[in-house]
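Structural overview
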Amino acid sequence: MNRRVTGDGERLAVNTTMHRRDLLRFLSLSAVAGAAGRAYPADAFAWPDQAPSSSFIPDVELALTAAPGEANILSGAPTRVWRFTGQLIKGPADTLRVLPGSYLGPVIQLRRGQKVRVRFQNRLAEQSIVHWHGLDVPEAADGHPRLAVGAGRDYVYEFEVTNRAGTYWYHPHPHMRTGAQVYQGLAGLLIVSDAEEDALRLPDGEAEHLCVLQDRLFDDRNQLVFRGDNMMEMMNGFLGDRVMVSGRPQPTIDVDAGWQRIRLLNGSNARIYKLTWSRDVKMTLIGGDGGLFERPVRQAVLTLAPGQRADLLIDLTGVPAGTDIHFDSQAYPEADAGIVGMMGMGMGRGMGMGGMAGTGGVRNGAPMRIMTLRPRARQGIAFAVPDRLSAFDETWAIRGNATTRQVPIVFARMEWLLGGRTFEMGQVAPEETVAAGSTHVWEFMNLANGMGMQAAHPIHMHGRQFRVVQRSGGTTNALRTGLADQGWRDVVLVLPGETVRVQATFSRHPGLYLYHCHILEHEDMGMMRNFRIS
Ligand code: C2O
Ligand code: CU
Ligand code: CU
């Protein structure tokens, strides 16, 4: 552990002031995580019915394989990655789309109402399972870690797409290995379209950009660096030193001088972006995690936390050819994203954990270039943003009588706790049980522990999207101005000191689902809980 901590003094300080029991506990967690996820043998939770069901007639059927591979990412030697590859067995020819130059999984393009069967083939040397982030699917299709299948095994998913048009995604979800597997390249976009969105005739084709933002760190032989056994990296979350856009480092994209639709997914393990366009290009936000907003929102800055999506339009009409439009993550104070001190661990006041991570990544809040759009002389798509994008808000209202549950978030016993607990594979607490179709308010309270340790946590709920009802508390935070809480969300960023109330109407599918922090290292360390829909 901690071989890459920058100085011996720091390592000593950690070792002498951390409770020995906690240290041992952490070491055993690390050992488990390092042992290729053998903590929970797949057979212990084998799902009873793993054959495709004869009564389910899919409109779309595909095979999705996770396997080690290689990608040409940087100039010079290829990078060893793990990648999803897809094969269409049945359905529309454009169901699977491989983005040029991308080693990420194929974009899966689905229509609302389609019945989908996916044959997942785990060809990794360790267990895995795929989760369809944002989709409301039956329990057996949700990719719960207890359903992880071992190396060489398969898993069959069957579900109907009931979600609204929107930008969703898929990624592995085996316990303690989600961060490592996503980092190695296992992630892809899942785009749902429907008639309501078609009617808007949003910019498409070359004018639509699918951008998965992920920070990565490479060694001098072009290999990905990730240290799942580094305590600082696990507590703080992995941070790389450069941003990739759908697998390409800082791309420059030629575009026509017209409207562009940019769909964003923050697929990073732990980085929170504060996004802006150069030359005062304003963004018109039209959607978030769960599809289109009711009305467009104009803002200059967008905060995007791990797991979150954004759908936005920018107008480059009249921009002179060759004028580079940069997309950047702006500087913000590190403490606004994270742990503000480690006094209790013998660290000096004000020494952020990211600064001493010793992994070579750059801290949260460091300015980073993401990509550049370069307009051509050719005039692009003309477009007028409608005042009303979708009708969905009519179905939503704050329910004053909804049951409210408080979910404190705090760092204790060397772990990030959710509702005072850590993850237990098959367990749910009484307050984590909800009736199918019922509406509840969950109140996430981001508290500081006795050592002043506190971080921003993007909290994700599986199943249906929720609405953000209210934010309160917290102090001045540079990330707050860019927050987009509108529309249906499935990840909400809870800033240090804040209480965020969300209202969720739970799925009609009964079973065991998850809610967790989408900083993947926090999730892997147990900042995750089940809820049961009864
Ligand atoms: Cu995208 Cu349970 O996660
Ligand atoms: Cu999810
Ligand atoms: Cu977290």
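Scroll up to find the structure this text is about.
Below: a short report on this structure. Not measured: the values here are computed from a predicted model. (Residues numbered from 1 in each chain as written. Chains lettered and ligands numbered in written order. Predicted model: local features only at pLDDT ≥ 70, side-chain atom pairs only at ≥ 80, totals over all residues. Heavy atoms only, no water.)

1. Remarks on the overall build of the protein
Note the cut-off: Put simply, DSSP marks the helices as runs of H or I at least four residues long and the strands as runs of E at least two long, and each gets a number from the N terminus on. The rule is simple: take the accessible area with a 1.4 Å probe, protein chains only, and divide by the maximum for that residue type; under 20% is buried, over 50% is exposed, in between is partly exposed. Residues count as neighbours in contact if any of their non-hydrogen atoms are within 4.5 Å of one another.
Looking only at helices and strands, one finds 7 helices and 31 strands in the protein. Residue burial in the protein is summarised as follows: out of 534 residues, 61% are buried. Residue pairs at least 24 apart in sequence account for 80% of intrachain contacts in the protein once pairs closer than 6 positions are excluded.

2. Some words on the side chain of Asp-524
Basically, it comes down to this: In this charge count, Lys and Arg are treated as positive and Asp and Glu as negative; neither His nor the chain ends contribute. Salt bridge criterion: a side-chain nitrogen from Lys or Arg within 4 Å of a carboxyl oxygen from Asp or Glu. Distance and chemistry together define a polar contact, namely a pair of N or O atoms within 3.5 Å, with one atom able to donate a hydrogen and the other to accept it when in protein, and with adjacent residues in sequence counting only for side-chain atoms on both sides.
For Asp-524, the location among the structural elements is in helix H7 (residues 520-524). No salt bridge is formed by the buried Asp-524; its nearest oppositely charged neighbour, Arg-177, is found at 7.2 Å. A distance of 3.4 Å separates a polar atom in the side chain of Asp-524 from the backbone nitrogen of Arg-177. Apart from the residues within four sequence positions on either side, Asp-524 is in contact with Pro-174, His-175, Met-176, Arg-177, Thr-178, Gly-179, Ala-180 and Met-234.

3. Observations regarding the coordination of the copper ion (ligand 3)
So the rule is basically this: Donor selection uses N, O and S atoms within 2.8 Å of the metal (3.2 Å for Na, K and Ca). Since no water is included, sites may look incomplete.
Distances from the copper ion (ligand 3) to its protein donors, His-457 (ND1), Cys-517 (SG) and His-522 (ND1), fall at 2.0 to 2.2 Å. Linear spacing of the donor residues for the copper ion (ligand 3) on their chain is H-x59-C-x4-H. Residue His-457 is found in strand S26 (residues 457-461), and its partner His-522 is found in helix H7; the two are separated by 65 residues along the sequence. The class for His-457 is buried, based on a relative accessible area of 0%.

4. A few points about the side chain of Asn-477
Within the fold, Asn-477 resides in the loop between strand S27 (466-473) and strand S28 (491-494). Every residue in contact with Asn-477, bar those within four places of it in the chain, is listed here: Asp-336, Leu-495 and Pro-496.

5. Describing the packing of aromatic side chains
Which entries qualify depends on this criterion: A pair of Phe, Tyr and Trp rings is counted when the ring centres sit within 6.5 Å of each other, with Trp represented by its six-membered ring. The angle between the planes then sorts it: under 30 degrees is stacked, over 60 is edge-to-face, the rest tilted.
Counting across every chain of the model gives 17 aromatic pairs. Seen from their ring centres, Trp-132 and Phe-159 are 5.8 Å apart, and the 45° between their planes marks the pair as tilted. Of this pair, Trp-132 sits in strand S6 (residues 130-133) while Phe-159 sits in strand S7 (residues 154-160), and the two are 27 residues apart along the sequence. By relative accessible area, Trp-132 is classed as buried at 1%. By relative accessible area, which is 2% here, Phe-159 ends up buried. Note on Trp-442 and Tyr-515: the rings are 4.9 Å apart at their centroids and 65° apart in plane angle, and the pair reads as edge-to-face. In this pair, Trp-442 sits in strand S25 (residues 439-446) while Tyr-515 sits in strand S30 (residues 511-517), placing the two residues 73 residues apart along the sequence. The rings of Phe-84, Trp-132, Tyr-155, Tyr-157, Phe-159 and Tyr-170 are connected pair by pair, giving a single aromatic cluster.

6. Re the sheet that holds strand S9 (residues 188-193)
Rule in force here: When DSSP finds two or more bridges between a pair of strands, those strands are recorded as paired.
Ordered in space as S3-S4-S9-S8-S6, the 5 strands form an open sheet in which the pairing is mixed. The open sheet is flanked by strand S3 (96-97) and S6, the only strands paired with a single partner.

7. Section: the nonpolar core
What counts is decided by this rule: Residue types Ala, Val, Leu, Ile, Met, Phe, Trp, Tyr and Cys, when buried and joined through side-chain atoms within 4.5 Å, form a set referred to as a nonpolar core.
Leu-264 and Trp-277 are the most contacted members of the largest nonpolar core, which has 39 residues in total. Once residues within four sequence positions are removed from consideration, Trp-277 is found in contact with Ile-262, Met-283, Leu-312, Ile-314, Ile-325, His-326, Phe-327, Met-371 and Leu-373. If you look at the next biggest cluster of nonpolar residues, it comprises 36 residues, including Trp-442, Tyr-515, Phe-531 and Ile-533.

8. Focus on the coordination of the copper ion (ligand 2)
Here the copper ion (ligand 2) is held by His-131 (NE2) and His-460 (NE2), and the distances to it run 1.9 Å. A residue pair is termed long-range when its members are at least 10 positions apart, and His-131 in strand S6 and His-460 in strand S26 qualify at 329 residues. Judged by relative accessible area, which is 1%, His-131 ranks as buried.

9. Let's talk about the sheet that holds strand S18 (residues 302-304)
Quick note on the threshold: To obtain an axis, a line is fitted to C-alpha atoms, over the contacting stretch when the element is a helix, and the angle between two such axes runs from 0 to 180 degrees between their N-to-C directions.
Pairing in this open sheet of 5 strands is mixed, and the strands run S13-S21-S20-S15-S18 from one edge to the other. Each edge of the open sheet carries a strand with a single partner, namely strand S13 (252-257) and S18. Averaged over all pairs of adjacent strands, the angle between their axes in this sheet comes to 25°, without regard to strand direction. Sheet analysis places S13 next to strand S21 (residues 368-379), joined by 5 bridges and oriented parallel. Residue pairing for S21: Ile-253 is matched across the bridge by Leu-373.

10. Considering unusual backbone geometry
Even without glycine at this site, Asn-222 takes up a positive phi of about 70°. Topologically, Asn-222 is positioned in the loop between strand S10 (208-216) and helix H5 (231-236).

11. Points about the environment of Arg-489
By the element assignment, Arg-489 lies in the loop between S27 and S28. The exposure class of Arg-489 is buried, given its relative accessible area of 3%. When near neighbours in sequence (up to four residues on either side) are disregarded, Arg-489 contacts Gly-288, Asp-289, Phe-293, Arg-309, Gln-465, Phe-466, Val-468 and Ala-484. Of note is the side chain of Arg-489, whose polar atom sits 3.2 Å from the side chain of Asp-289. Reaching out from Arg-489, the side chain makes a polar contact with the backbone oxygen of Arg-309 at a distance of 3.3 Å.

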